[in-house]
Amino acid sequence: MEKGENLPKLRRMCRIGSWAVIPIIVVAALILIGCCIETAISLADYRFTIEPMDNRGTVIYGLCSTIAMAACFWCLVTGYHLLRSISENESPFIPENVIRIKEIAVALLTSFAVIILAQVLLALTLDPKLYLFDVPLHMLVSGIVCYLFYLIFDYGTALQTESDDFL
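Here's what I pulled together on the structure shown here. (Residues numbered from 1 in each chain as written. Predicted model: local features only at pLDDT ≥ 70, side-chain atom pairs only at ≥ 80, totals over all residues. Heavy atoms only, no water.)

A word on the overall build of the protein
- Helix and strand counts for the protein come out as four helices and zero strands.
- Secondary structure elements in the protein, listed N-terminal to C-terminal, are α-α-α-α.
- Computed over the C-alpha atoms, the radius of gyration of the protein is 20 Å, more than 25% above the 15 Å expected from 2.2 N^0.38 for a compact globule of 167 residues.
- The C-alpha extent of the protein, read off along each of the three principal axes, is 70 × 30 × 25 Å.
- Burial statistics for the protein: of 167 residues in total, 34% are counted as buried.
- Just so you have it, the protein exposes about 10500 Å², and 71% of that area is on carbon and sulfur atoms.
- Averaged over its 11 positive side-chain charges, the protein has a centre that lies 5 Å from the centre of its 16 negative ones. (Helix = DSSP H or I, 4+ residues; strand = E, 2+ residues; numbered from the N terminus. Rg over C-alpha atoms; globule rule 2.2 N^0.38 Å. Buried < 20%, exposed > 50% of the residue type's maximum accessible area, 1.4 Å probe, protein only. Areas by Shrake-Rupley, 256 points an atom, 1.4 Å probe, with all protein chains shown as cover. Lys, Arg positive; Asp, Glu negative; His and termini not counted. Charge placed at Lys NZ, Arg CZ, Asp CG, Glu CD.)

What follows is the structure, encoded as structure tokens:
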């Protein structure tokens, strides 16, 4: 197998992926708007509840949903830019891509921590039987995987720079 033989395939797949992710970004934006509206309604009207929670539980649940969707939206947009960059550049191992992967990992891990913190604060103010706890383990696992990809791309970028400097 020749060196760089798979790069055209990678570019083509990233180009197709960047187009395919656009409708997903639109849907995520609509869901994010819906989460914001739900949170705003629960803040404005204390009678608005989601069973079996009271209004405070509904507010925290809405905030957690909004945070999760905002992180998802940010990751999708950053992923779109990452796919476009890989499809357009000579090598996927460039500093901009490393930064994008790190941004995705940080967004996922930060939103996981904020959601857990919000739910712990809620548990301190409400009867735990009135609130449905939601531990977003998918965000934690995805954030860790993205962080590992960040480390791999960071190392690959360093090797690419070293190789370019050597030549």
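There is more to say, and it comes next.
A look at the pattern of salt bridges
- All told, the structure shown has three salt bridges when counted by the stated rule.
- Here Arg11 makes a salt bridge to Glu90, at a shortest N to O gap of 3.5 Å. Separated by 79 residues along the polypeptide, Arg11 in helix α1 (residues 7-44) and Glu90 in the loop between α2 (55-88) and α3 (95-125) bring together distant segments of the chain.
- The partner of Asp45 in a salt bridge is Arg47, with the nearest N and O atoms 3.2 Å apart. (Salt bridge = Lys/Arg side-chain N within 4 Å of Asp/Glu carboxyl O.)

A short note on the packing of α2 against α3
- Two elements in contact, α2 and α3, have axes separated by 9 Å at closest approach and are oriented at 175°. Taken as axis vectors, α2 and α3 run roughly antiparallel relative to one another.
- Residue composition of the contact of α2 with α3, grouped by class: 17 nonpolar, nine polar and three charged. (Axes fitted to C-alpha atoms, helices over the stretch in contact; angles between N-to-C directions. Parallel < 35°, antiparallel > 145°, perpendicular 65-115°, else oblique. Nonpolar A, V, L, I, M, F, W, Y, C, P; charged D, E, K, R; others polar.)

Remarks on the environment of Asp154
- Position of Asp154 among the secondary structure elements: in helix α4 (residues 137-166).
- In this structure the C-alpha to C-alpha distance between Asp154 and Ile101, which are 53 residues apart in sequence, comes to 9.5 Å.

Quick notes on a nonpolar patch on the surface
- Residues Trp19, Ile22, Val26, Leu30, Ile33, Ile37 and Ile41 make up a contiguous nonpolar surface patch of roughly 680 Å² in combined accessible area.
- Residue placement: Trp19 occurs in helix α1. (Patch = residues over 30% accessible without salt bridge, like charges linked within 9 Å, V, L, I, M, F, W, Y side chains within 5 Å.)

A short note on the environment of Phe93
- By the secondary structure assignment, Phe93 is in the loop between α2 and α3.
- Judged by relative accessible area, which is 27%, Phe93 ranks as partly exposed.
- Measuring from C-alpha to C-alpha, the distance between Phe93 and Gly57 comes to 45 Å, with 36 residues separating the pair along the chain.
- The residues touching Phe93, leaving out its near neighbours within four places in the chain, are Ile152, Phe153, Gly156, Thr157 and Gln160. (Contact = heavy atoms within 4.5 Å.)

Looking at the nonpolar core
- Formed by 14 residues in total, the largest nonpolar core has its most connected members in Ile60, Cys64, Cys75, Ile104, Leu108, Met139 and Cys146.
- Among the elements that make up this core, the one with the highest residue count is α3 (eight residues). (Core = buried A, V, L, I, M, F, W, Y, C linked by side-chain atoms within 4.5 Å.)

Quick notes on the packing of aromatic side chains
- One pass over the full model with this rule turns up two aromatic pairs.
- When the centroid spacing of 5.0 Å and the interplanar angle of 40° are considered together, the rings of Phe93 and Phe153 count as tilted. Taken together, the residues span a long stretch of sequence, with Phe93 in the loop between α2 and α3 and Phe153 in helix α4 at a distance of 60 residues.
- For Phe153, a relative accessible area of 15% translates into the label buried. (Phe/Tyr/Trp six-rings, centres within 6.5 Å; stacked < 30°, edge-to-face > 60°.)

Thoughts on α4
- In this model α4 runs 43 Å from its N-terminal to its C-terminal C-alpha over 30 residues, within 8% of the 44 Å that 1.5 Å per residue would give.
- Residues of α4 that are buried: Met139, Gly143, Cys146, Tyr150, Phe153, Gly156 and Thr157. (Expected span 1.5 Å × (residues − 1).)

Geometric values such as these leave the question of function open.
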